[in-house]
Amino acid sequence: MIQAILVFNNHGKPRLVRFYQHFPEEIQQQIVRETFHLVLKRDDNICNFLEGGSLIGGSDYKLIYRHYATLYFVFCVDSSESELGILDLIQVFVETLDKCFENVCELDLIFHMDKVHYILQEVVMGGMVLETNMNEIVAQIEAQNRLEKSEVRQVL
Amino acid sequence: MPAPIRLRELIRTIRTARTQAEEREMIQKECAAIRSSFREEDNTYRCRNVAKLLYMHMLGYPAHFGQLECLKLIASQKFTDKRIGYLGAMLLLDERQDVHLLMTNCIKNDLNHSTQFVQGLALCTLGCMGSSEMCRDLAGEVEKLLKTSNSYLRKKAALCAVHVIRKVPELMEMFLPATKNLLNEKNHGVLHTSVVLLTEMCERSPDMLAHFRKNEKLVPQLVRILKNLIMSGYSPEHDVSGISDPFLQVRILRLLRILGRNDDDSSEAMNDILAQVATNTETSKNVGNAILYETVLTIMDIKSESGLRVLAINILGRFLLNNDKNIRYVALTSLLKTVQTDHNAVQRHRSTIVDCLKDLDVSIKRRAMELSFALVNGNNIRGMMKELLYFLDSCEPEFKADCASGIFLAAEKYAPSKRWHIDTIMRVLTTAGSYVRDDAVPNLIQLITNSVEMHAYTVQRLYKAILGDYSQQPLVQVAAWCIGEYGDLLVSGQCEEEEPIQVTEDEVLDILESVLISNMSTSVTRGYALTAIMKLSTRFTCTVNRIKKVVSIYGSSIDVELQQRAVEYNALFKKYDHMRSALLERMPVMEKVTTNGPTEIVQTNGETEPAPLETKPPPSGPQPTSQANDLLDLLGGNDITPVIPTAPTSKPASAGGELLDLLGDINLTGAPATAPTPAPVPQISQPPFLLDGLSSQPLFNDIAAGIPSITAYSKNGLKIEFTFERSNTNPSVTVITIQASNSTELDMTDFVFQAAVPKTFQLQLLSPSSSIVPAFNTGTITQVIKVLNPQKQQLRMRIKLTYNHKGSAMQDLAEVNNFPPQSWQ
């Protein structure tokens, strides 16, 4: 099960924060900060797996992360998920974002935080992997966007 | 009230803030605006406001006042509102707030909505944060959706069902009928989530697991799907780097693992497909490796055939040599899991694992360290220890404590010699002295006391170690203790193992005093040092006054612990000087109380206690064998098996009833290792046999019910009577109790009764109650014979009696033929 998905930039500013298990707000922010510090220490040529920090759960949890340009994508998972599989999942997620936003960059994530959440919702639900087929995900997102547009009054 | 600003505007504004304080100000202003807008109950802009609120929440600002607004949005008819409302609910609410229950009705309605995306939103929210009450209420709806033909909804319903099962395990049965058709789907999304659902059900309930194995024939179905995936060739939609839906493959492999664990039939059914996947998967990209890795884990976990296991370990070995760090990490992790079961196979890769200790990556180093400790055994201890000590020198501080503890454990278990052991301990203490765990100090001290011949060498090395540097507390503690204990060996300048150093008593006291004074010494260390100084007062000769002075100074120390010690030691000098030398004597060897794990004293390698039954020689020396030989001669030939009786022990004759004696004797059978009553039999197979028949149950027929007793021998005033009992559990066993009585006017002493039976029988003689038959029938000797008669032949026995009577040695042979039929039929 995936406990949390965090996306932050090279300075630690959160761009996407999604927890699949309840933590109070202060703890959530602390986790983001701690994870950032742990991940920042890592060189680029060492493995992408970190034993989890003390806050986010005990020894069963691992942090699996990938670094793309200015962003870190961190998935905190327990032992029921395959580590190498999650690495691929992160890749799928980023590629999906790329397809939805057309050459996605950090600004897209900043200004369309809600859309990123919606895309994530089609990939991971309740801490479990829902769909991994990129085309399927993109199709569903586009259908939902069309539904929104068709409703009168574009509000956001 | 002007229209609230758009989310985009807000974000842009916040990004212009140059300091944290500026940002906080902007946010607070916006929050106030949002709050007033909420108060106005404005439907048009509500979703905009909630979106902004969620953004601020992500940055870490409180947003709880938006919770109710989210609920209002969920209740709205518009998809746009619902979308942001549900997102807000998932991010801001959780089951600890009572507010969330208000959602239940909305979700129920939305689960039945005409638009599939609305249904999807509801399923998603329920599956993320549904509380147990909500799940109970809505489980029926979820189950309905699990059977729908809409694959978009079906896959979400499957994951939602997983969440429901996690929250309310009793509802698992409800979803069982719906799972029947799940695996017939073509849509990979549904397949994937269905496998997740089935995995969850199997993991949670062993009944479900059994059900799926037998009734649903799940394994063949999964094998079929997996085969299609591998064989199907290029399928562009699910393809990731040339492999067809690797995520689904991995999931199926995991479910196969659970199904095959501890189950032979299932394991057999999947052997082929596992071999196929293992050999056909391309390993050039990460996806291929992910599948291979999962396959290996599955092979190791089920009851696979050995060829497959070897294949799996070899794959792991290849992984270890891969350039990709992730693969190496993953390989080390799985080797750690398999080292318990397939130890030898993993040993083959030991050198590669040891090389990983030198890797730059912290995670890999940690794994390699754990694995190295698991691989240490008696054969490779020297080589491995060299590598591990080198690792200890150069590793990061976070590893040092674990590494030191591991080294101590390994050294204790497999040390080839005491000297090597002490050297290793010294090396660890000097290199990582401050990281050694506190509980290691008493263990080490106990170890040192046990190696008596190494005391001089140990104390010398410890002394030299702290001469230079006394900042590492555990090292100083051990050294102080040893110097206090063996200081006399130190100054006497004797040492066999290495060049003895010349140390004077003053120098020793110098170093101990510096430890006491030093700022780096903790209170515990100071306590050790003070006690050591005190102990030296009995071991040193010329510096007792100095010691007295030191001790009296610390009588006024601020540290209460030190003060107490010093005051007591002072008293020892003044009032109780006569007791001092006795009190401060050399400590005896300490016994280890093994409370923590596998730490045991270095005996030999934990071999089994020698089985006392097996080759125990006859206890009473050469005499009985000659007598037995006599019996053989007399009885002419080899159809008799001689029996060597037990040596008559000096057990007090229990003059109680026969039954008590019987039971008393039978207790012996349970403890064959006790020396006074060794198993008397040369043939190994006997004792368990007969003993089995007579273990702790009340086995015997009542004497009244039973078999008439006979007089086996009556001559010269000596009468021997046999009484019989048959075992309830083992009808081939007859227990004969003999009673020897003496009607003459003098005692018969050194009475020994021996018996022999035909070869088809087996006989066991237990110890007699005494060796003196008292005169005038005032008492009897009782002895128990157990006879095994598997072929139910007629019982015959030759007996031989020897005793001293009226000052002369008597001996007689007789045959007993009058056994009643009930005693052997």
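Fair warning: this is a prediction, and the values are worked out from it, not measured in the lab.

Asker: Please explain the pattern of salt bridges as it appears in this structure.
Answerer: Working definition: two side chains of opposite charge can pair if their charged atoms are close together. Residues and elements named next belong to chain B. Under the definition given, this model contains 46 salt bridges over all chains. In this structure, arginine 154 engages glutamate 185 in a salt bridge whose closest nitrogen and oxygen atoms are separated by 2.8 Å. In this pair, arginine 154 sits in helix α9 (residues 151-167) while glutamate 185 sits in the loop between α9 and α10 (188-204), placing the two residues 31 residues apart along the sequence. For arginine 154, a relative accessible area of 10% puts it in the buried group. A salt bridge links glutamate 485 to lysine 535; the nearest nitrogen and oxygen atoms lie 2.9 Å apart. With glutamate 485 in helix α26 (residues 473-492) and lysine 535 in helix α28 (residues 523-539), the pair connects residues that are 50 residues apart, well separated along the chain. No difference in accessibility class separates glutamate 485 from lysine 535, as the two residues are buried. Each of the salt bridges in this network shares a partner with another, and the network as a whole consists of Arg254, Arg257, Arg261, Glu294 and Asp301.

Asker: Sorry, what's going on with the sheet that holds strand β1 (residues 2-9) of chain A here?
Answerer: Within a beta sheet, neighbouring strands are joined by backbone hydrogen bonds and run either parallel or antiparallel to one another. Residues and elements named next belong to chain A. Across the sheet, five strands lie side by side as β2-β1-β5-β4-β3; this open sheet has antiparallel pairing. Each having just a single partner strand, β2 (14-19) and β3 (49-51) make up the two edges of the open sheet. Here the average twist between neighbouring strands, direction ignored, is 20 degrees. Bridge count between β1 and strand β5 (residues 71-77): seven bridges; the pairing is antiparallel. Paired with phenylalanine 8 across the bridge in β5 is tyrosine 72.

Asker: In this structure, what is going on with the environment of arginine 8 of chain B? I would like to understand it.
Answerer: When you line up the elements, arginine 8 of chain B lands in helix α1 (residues 7-16). As a C-alpha pair, arginine 8 of chain B and lysine 52 of chain B span 44 residues in sequence and 8.8 Å in three-dimensional space.

Asker: Even after reading the chapter, I still don't get the packing of helix α17 (residues 325-338) of chain B against helix α20 (residues 362-375) of chain B, so can you show me in this structure?
Answerer: When two helices pack together, their arrangement is given by the angle between the helix axes and the distance between those axes. All names here are of chain B. Two numbers describe how α17 lies on α20: the axes approach to 9 Å, and their chain directions differ by 25 degrees. Compared by their axis directions, α17 and α20 come out roughly parallel. Note on packing geometry: the crossing formed by α17 with α20 is left-handed. Every residue of α20 that contacts α17 at Lys325, Arg328, Tyr329, Leu332, Thr333, Leu335 and Leu336 is listed here: Ser363, Ile364, Arg367, Ala368, Glu370 and Leu371. Residues belonging to the contact of α17 with α20 are distributed by class as follows: seven nonpolar, two polar and four charged.

Asker: What is the right way to look at empty space enclosed by the protein in this model?
Answerer: Picture a little ball the size of a water molecule; that probe, rolled over the atoms, points out where space is still empty. Enumeration over the complete set of coordinates arrives at six cavities of 30 Å³ or more. Its volume calculated, the largest cavity comes out at about 160 Å³. In this structure, the largest cavity is lined by 15 residues; those nearest its centre are Glu81 and Gly85 of chain A together with Phe247, Val250 and Arg251 of chain B. Mapped by element, the contributors of at least two residues to the lining of the largest cavity are α2 (83-101) of chain A together with α13 (246-260) of chain B. Per-element tally for the lining of the largest cavity: the top contributor is α13 of chain B, with five residues. Residues of the lining of the largest cavity, tallied by class, amount to seven nonpolar, four polar and four charged.

Asker: Explain helix α5 (residues 134-150) of chain A to me, please; I cannot follow it from the model alone.
Answerer: One full turn of an α-helix is made of 3.6 residues, so residues set three or four places apart face in the same direction. Helix length check: α5 of chain A, at 17 residues, gives a terminal C-alpha distance of 24 Å against a target of 24 Å (1.5 Å per residue), a fit within 8%. Considered for burial, the residues of α5 of chain A that qualify are Met134, Ile137, Val138, Gln140, Ile141, Ala143, Gln144 and Glu148 of chain A. Along its buried surface, α5 of chain A packs onto α2 and α4 (113-123) of chain A together with α5 (79-92), α7 (116-129) and α9 of chain B. The residue sitting at the N-terminus of α5 of chain A and contributing the capping side-chain oxygen is asparagine 133 of chain A; that oxygen lies 3.1 Å from the backbone nitrogen of asparagine 135 of chain A.

Asker: Please clarify how the state of the cysteines should be interpreted in this entry.
Answerer: Any covalent bond linking the sulfur atoms of two cysteines counts as a disulfide. All names here are of chain B. According to the stated counting rule, one finds zero disulfides over all chains in the structure shown. Cysteine 124 carries a free sulfur, and the closest cysteine sulfur to it, the one in cysteine 128, is 4.5 Å from it. The class of cysteine 124 is buried, set by a relative accessible area of 1%.

Asker: Where do I start with the layout of surface pockets in this structure?
Answerer: Computed from the structure, the second largest pocket encloses a volume of approximately 520 Å³. Residue classes in the lining of the second largest pocket are distributed as seven nonpolar, five polar and 15 charged.

Thresholds, definitions, all that
- As a convention, each chain's residues are numbered from 1 in the sequence order in which they are written.
- Each chain gets a letter, beginning with A, and each ligand a number, beginning with 1, in the order they are written.
- It should be noted that, the model being predicted, local features are given only for residues of pLDDT at least 70 and side-chain atom pairs only at 80 or more, the latter also being counted only at that level, while totals for whole chains, interfaces and linings use all residues.
- In computing side-chain values, all of the structure's heavy atoms are included and hydrogens and water are not.
- When a carboxyl oxygen of Asp or Glu is within 4 Å of a side-chain nitrogen of Lys or Arg, the pair counts as a salt bridge.
- Helix and strand labels come from DSSP, where a helix needs a run of H or I of at least four residues and a strand needs a run of E of at least two; each type is numbered from the N terminus.
- The cut-offs for exposure are 20% and 50% of the maximum accessible area for each residue type, with area from a 1.4 Å probe on protein chains only; residues under the lower value are buried, those over the upper are exposed, and the others partly exposed.
- Strand pairing follows a simple DSSP-based rule, namely that at least 2 bridges must link the two strands.
- Only the contacting stretch of a helix is used when fitting its axis, a line to C-alpha atoms as for every element, and angles between N-to-C directions run 0 to 180 degrees.
- Orientation is classified from the angle alone, with under 35 degrees giving roughly parallel, over 145 giving roughly antiparallel, 65 to 115 giving roughly perpendicular, and any other angle giving oblique.
- Crossing handedness follows the turn of the near helix against the far one: under a right angle anticlockwise gives a left-handed crossing, and clockwise gives a right-handed one.
- Contacts: residue pairs with any heavy atoms within 4.5 Å of one another.
- Residues are grouped as follows: Ala, Val, Leu, Ile, Met, Phe, Trp, Tyr, Cys and Pro are nonpolar; Asp, Glu, Lys and Arg are charged; every other residue, Gly included, is polar.
- A 1.4 Å probe that fits but cannot get out identifies a cavity on a 1 Å grid over protein atoms alone, an open set with protein on both sides within 12 Å along at least five of seven lines counts as a pocket, and a residue lines either if it has an atom within 4 Å of a point.
- Grid points are joined across faces, edges and corners, and a volume is the space filled by probe spheres set on the points.
- Each helix should span, by expectation, one fewer than its residue count multiplied by 1.5 Å.
- Any pair of nitrogen or oxygen atoms within 3.5 Å is treated as a polar contact; in protein, a donor-acceptor pairing is required on top of that, and neighbouring residues in sequence qualify only through side-chain atoms on both sides.
- Only a pair of cysteine sulfur atoms within 2.5 Å counts as a disulfide in this structure description.

From the geometry alone we can't say anything about function, so treat these as descriptive.
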